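Single-letter residue listing:
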Amino acid sequence: MFAGHLDWEDLDRVEGPSFTFTVLREPRERVLSYFFFMRAEAVRMAREKPVQVNQVAYAALTLSPDDFFCTGGSPSVRLNIDNQLDNHYAHYFARRSARLRYRSRENTLPDSQLLVMARRNLDRLDGVFQTGRLTPLKWAVITRFGGRKIGVWQTALNGLYPLQEMRRNQLSGTVVTRLADLTALGATRRTFDRIEEMTRLDSLLWAERFGRSP
């Protein structure tokens, strides 16, 4: 099994039959979670590994929300933030690569073309799932690999037991509470408008697969 934040070109190297899928997070929830996770990482690293500094995490901790989301940080930090957050799903699935976006800033595609390419490549996957509802993923795997491969008894057991929901990054709040936390940190309308822009294309792709976000 190959799993992780993989470039599509890594999957292209796998020979023979395969079952390829992706698990996505609601776009605004992902952006907000990233910001607060980076802040927590900066505090943790300062306590446990003071010599090692994650520049993006440090920026999340020290810059105002307006600066972090809109204009702040060194050029390398700004590029990293924008690549990670600015409609990341649309760019990744359109280009089949996260690394490629770093090399193609001059080659900006129109939004309409980006969405067409992203939809086409998403359709090539065997499954597209969401973090908030993993049961369909469990049944897709059981259907594909159950029965003859793992035995009828193991298939039945896997069907009975609920799949553990992965919520390690979600314990600190919801979209609503995190927006309130941003306001408490000094975020203005600039931050909230930028978050909407950063998730505009990704939210369209999400809505097509899972229904419109609240």
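It should be emphasised that the depicted structure is a prediction, and the values quoted were computed from it without experimental measurement.

**Considering the overall build of the protein**
So, step 1. Looking only at helices and strands, one finds 13 helices and two strands in the protein.
So, step 2. Buried positions account for 39% of the 214 residues belonging to the protein.
So, step 3. Nonlocal contacts in the protein, meaning residues at least 24 apart in sequence, comprise 68% of its contacts between residues at least 6 apart.
So, step 4. When the accessible area of the protein is evaluated, it comes to approximately 13,000 Å², of which 56% is carbon and sulfur surface.

**What to know about unusual backbone geometry**
In terms of backbone geometry, most residues other than glycine have negative phi values and most peptide bonds are trans.
So, step 1. Phi is positive for N87, which is not a glycine, with a value near 50 degrees.
So, step 2. Looking at where N87 falls in the secondary structure, it is placed in the loop between α5 (75-85) and α6 (88-95).
So, step 3. Its identity is not glycine, yet R96 carries a phi of approximately 60 degrees, on the positive side.
So, step 4. In this structure, R96 sits in the loop between α6 and α7 (99-103).

**Quick word on the pairing of strand β2 (residues 127-130)**
So, step 1. On β2, burial covers both faces: G127 and F129 on one face and V128 and Q130 on the other are all buried.
So, step 2. Pairing analysis gives four bridges linking strand β1 (residues 21-24) to β2, with the strands arranged parallel. Each bridged residue has a counterpart across the sheet, and for T22 the counterpart in β2 is V128.

**As for the nonpolar core**
So, step 1. Membership of the largest hydrophobic core comes to 22 residues, with the highest contact counts inside it found for F35, V56, F68, F69, L85 and L182.
So, step 2. Listing elements by their share of this core, those giving two or more residues are α2 (27-48), α3 (55-62), α4 (65-71), α5 and α12 (189-198).
So, step 3. Residue contributions to this core peak at seven residues, all from α2.
So, step 4. Sequence-distant contacts of L85, that is, excluding residues within four places in its chain, are made with R30, V31, Y34, F68, F69 and M198.

**Observations regarding the packing of α2 against helix α11 (residues 175-184)**
So, step 1. Where α2 contacts α11, the two axes come as close as 10 Å, and the packing angle between them is 50 degrees. It follows that α2 is oblique to α11 by the angle criterion. Of the two elements, α2 crosses α11, and the hand of that crossing is left-handed. On the side of α2, the interface is formed by E29, L32, S33, F35 and F36, while α11 contributes V175, R178, L179, D181 and L182.
So, step 2. In terms of residue class, the contact of α2 with α11 is built from six nonpolar, one polar and three charged.

**Some details on the confidence of the model for the protein**
So, step 1. In the predicted model, the protein carries a mean pLDDT of 85, and 82% of its residues have values of at least 70.
So, step 2. The spread of mean pLDDT over the elements of the protein runs between α7, the lowest at 64, and α12, the highest at 97.

**A short note on helix α13 (residues 200-210)**
So, step 1. Along α13, the residues classified as buried are L201, D202, L205, W206 and A207.
So, step 2. Just downstream of α13 lies G211, where phi reads positive at about 95 degrees.

Definitions and limits used
- Per chain, residue numbering runs from 1 following the sequence as it is written.
- The predicted origin of the model limits local features to residues at a pLDDT of at least 70 and limits the giving and counting of side-chain atom pairs to 80 or more, whereas totals for whole chains, interfaces and linings rest on all residues.
- Calculation of side-chain values draws on the structure's entire complement of heavy atoms; hydrogens and water are dropped beforehand.
- Strands are runs of DSSP state E lasting at least 2 residues, helices are runs of H or I lasting at least 4, and numbering of each runs from the N terminus.
- Partly exposed residues are those whose accessible area sits between 20% and 50% of the maximum for their type, while under 20% is buried and over 50% is exposed, using a 1.4 Å probe and protein chains only.
- Contacts were defined at the residue level, with two residues in contact if any of their heavy atoms lie within 4.5 Å.
- For accessible areas, the Shrake-Rupley method is used with a probe of radius 1.4 Å. Any residue's cover is judged against the shown protein chains and nothing else.
- A pair of strands is considered paired only if DSSP assigns at least 2 bridges between the two.
- Only buried residues count toward a nonpolar core. Its members are Ala, Val, Leu, Ile, Met, Phe, Trp, Tyr and Cys residues joined through side-chain atoms within 4.5 Å.
- Axes, fitted as lines to C-alpha atoms, cover a helix only where it is in contact. Angles between the N-to-C directions of the axes lie from 0 to 180 degrees.
- In this scheme, roughly parallel covers angles under 35 degrees and roughly antiparallel covers those over 145, while 65 to 115 is roughly perpendicular and the rest are oblique.
- With the far helix as reference, a near helix turned anticlockwise by less than a right angle produces a left-handed crossing, and one turned clockwise produces a right-handed crossing.
- Lys, Arg, Asp and Glu make up the charged group, whereas Ala, Val, Leu, Ile, Met, Phe, Trp, Tyr, Cys and Pro make up the nonpolar group; the residues left over, Gly among them, are polar.
- What pLDDT conveys is the predictor's confidence in a given residue, as a value from 0 to 100.

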